[in-house]
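Structural characterization, general
Read off the chains here:
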Amino acid sequence: MTDPYVKQNIENGIATIEFFHPAHNSLPGDILAKLANTITEAGTNDDVKVIILKSGGDRTFCAGASFKELININDAETGKVFFSGFANVINAMRKCPKFIIGRIQGKTVGGGVGVASATDYCMATKFAAIKLSELNIGIGPFVVGPAVERKLGLSGMSQIAIDANSFYDAEWARQKGLYANVYDSTQELDEAVKSFAENLCKYNPEAMKEMKKIMWSGTENWDELLAERAIISGRLVLSEFTKETLKRFK
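Since the model is a prediction, treat every value here as computed from it, not as a measurement. (Residues numbered from 1 in each chain as written. Predicted model: local features only at pLDDT ≥ 70, side-chain atom pairs only at ≥ 80, totals over all residues. Heavy atoms only, no water.)

**Notes on the pairing of strand S3 (residues 50–55)**
For S3, the buried fraction is high: 6 of the 6 residues fall into the buried class. Covered by surrounding structure in S3 are Val50, Ile52 and Lys54 together with Ile51, Leu53 and Ser55, the residues of both alternating faces. Tracing the backbone out of strand S2 (residues 14–20), into helix H1 (residues 29–44) and back to the parallel element S3 gives a crossover that is right-handed. Summarising the sheet, S3 and strand S5 (residues 99–104) pair through 4 bridges and their orientation is parallel. The residue of S5 that forms the bridge with Ile51 is Ile100. (Buried < 20%, exposed > 50% of the residue type's maximum accessible area, 1.4 Å probe, protein only. Helix = DSSP H or I, 4+ residues; strand = E, 2+ residues; numbered from the N terminus. Right-handed = clockwise from strand over helix to strand, strands pointing away. Pairing = 2+ DSSP bridges.)

**Side note on the packing of aromatic side chains**
This structure, assessed with the given rule, holds 6 aromatic pairs. A ring pair is formed by Phe19 and Phe61, whose centres lie 5.4 Å apart and whose planes are at 75 degrees; its orientation type is edge-to-face. Placement of the pair is Phe19 in strand S2 and Phe61 in strand S4 (residues 60–62), with a sequence separation of 42 residues. Grouping residues by exposure puts Phe19 and Phe61 together as buried. Centroid distance Tyr168 to Trp172: 4.6 Å. Interplanar angle 55 degrees. Geometry classified as tilted. (Phe/Tyr/Trp six-rings, centres within 6.5 Å; stacked < 30°, edge-to-face > 60°.)

**Points about the sheet that holds strand S1 (residues 5–11)**
Reading across from one edge, S1-S2-S3-S5-S7-S9 is the order of the 6 strands in this open sheet, with mixed pairing throughout. Each edge of the open sheet is held by one strand with a lone partner, namely S1 and strand S9 (181–183). Pairs of neighbouring strands in the sheet enclose a mean axial angle of 20 degrees, with direction left out of account. Across the sheet, helix H7 (residues 186–200) lies against S2, S3, S5, strand S7 (121–125) and S9, angled at about 175 degrees from S5, the strand it touches most. (Axes fitted to C-alpha atoms, helices over the stretch in contact; angles between N-to-C directions. Contact = heavy atoms within 4.5 Å.)

**What to know about the nonpolar core**
For soluble globular proteins, the rule of thumb is that nonpolar side chains tend to be buried together. Counting residues in each nonpolar core, the largest one holds 62 residues, and the members touching the most others are Leu35, Ile39, Ile130 and Tyr179. Broken down by element, this core gets its largest block of residues, 8 residues, from helix H3 (residues 76–95). Counting 14 residues, the second-largest nonpolar core is a separate cluster that includes Met123, Ala192, Val193 and Leu200. (Core = buried A, V, L, I, M, F, W, Y, C linked by side-chain atoms within 4.5 Å.)

**A short note on the environment of Val144**
With respect to the helices and strands, the residue Val144 is situated in the loop between strand S8 (130–131) and helix H5 (145–162). The exposure class of Val144 is buried, given its relative accessible area of 3%. For Val144 and Ser84, which are 60 residues apart along the polypeptide, the C-alpha to C-alpha distance reads 10 Å. Non-local contacts of Val144, meaning those with residues more than four positions away in its chain, are made with Ile90, Gly110, Gly111, Gly114, Leu132 and Glu134.

**Let's talk about the packing of H3 against helix H9 (residues 222–236)**
In helix packing, the relevant descriptors are the interaxial angle and the interaxial distance, both defined with respect to the helix axes. Taken N-terminus to C-terminus, the directions of H3 and H9 make an angle of 150 degrees; their axes are 8 Å apart at the nearest point. Classified by the angle between their axes, H3 and H9 sit roughly antiparallel to one another. Judged by the twist between their axes, the crossing of H3 over H9 is right-handed. Seen from H3, the contacting residues are Ala76, Gly79, Lys80, Phe83, Ser84, Ala87, Ile90, Asn91, Arg94 and Lys95; seen from H9, they are Trp222, Asp223, Leu226, Ala227, Ala230, Ile231, Ser233 and Gly234. For the contact of H3 with H9, the residue count by class is 9 nonpolar, 5 polar and 4 charged. (Parallel < 35°, antiparallel > 145°, perpendicular 65-115°, else oblique. Left-handed = near helix turned anticlockwise from the far one by under 90°. Nonpolar A, V, L, I, M, F, W, Y, C, P; charged D, E, K, R; others polar.)

**Digging into the side chain of Thr245**
By the secondary structure assignment, Thr245 is in helix H10 (residues 240–247). Residue classification places Thr245 among the buried residues on the basis of a relative accessible area of 6%.

**Regarding H10**
For H10, the full list of buried residues reads Thr242, Thr245 and Leu246. On an axial view of H10, the arc spanned by its buried residues comes to 95 degrees, and they lie on one face. Summarising the contacts, the buried residues of H10 are in contact with helix H2 (67–71) and H9. (Arc of directions from axis to C-beta.)

So, in structure tokens, the structure goes:
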């Protein structure tokens, strides 16, 4: 069993940031914090022109929040801190002056959909179905909602948030604008991501930085917004309903 990690490799102007957790790449607080810091550092590194964000393993891109940590939340402050983990990653991606390419090799759930949505250009395999399962356990996709809505539109986000039991396939996610392209295999995806990133390295970094600013305009309040959303989730996770539901996962 491989230990959880966040690692970064910088080569020819491309920073590849990879995260991993043996529990289907679900993300506990310490891994989320490392991920946010690594993205921020890559954004300020002059050797980096473009960032690829990926996860380890070949099946699940990210299963969202760590259930193990979720079950152990017993007060509102701990809840807020826990849910701020994904908020900090999304905000780090939003503020990063470099384009971030998402490489989504498999299913992604909850917070993972938020991370995929916060990339600037996202490519996936046909196995990369998405699900917002939060309502299932008595909370909602409050923290990741703004990022998902920005990509899928309010209608698409509402659909998957309400239909919390269903996976929506990669083609649906492509039609809604989350994925730019969908590939038949991880190998094809990796080749496409590599060639796309290499091409971006030929462009003017200043132009890309200005484009990124424009693309994210209107999200300047997300530091406050996502913190407020984390408080809502932190409160709901303490509810009788959620506590009872989470017992099933113990």
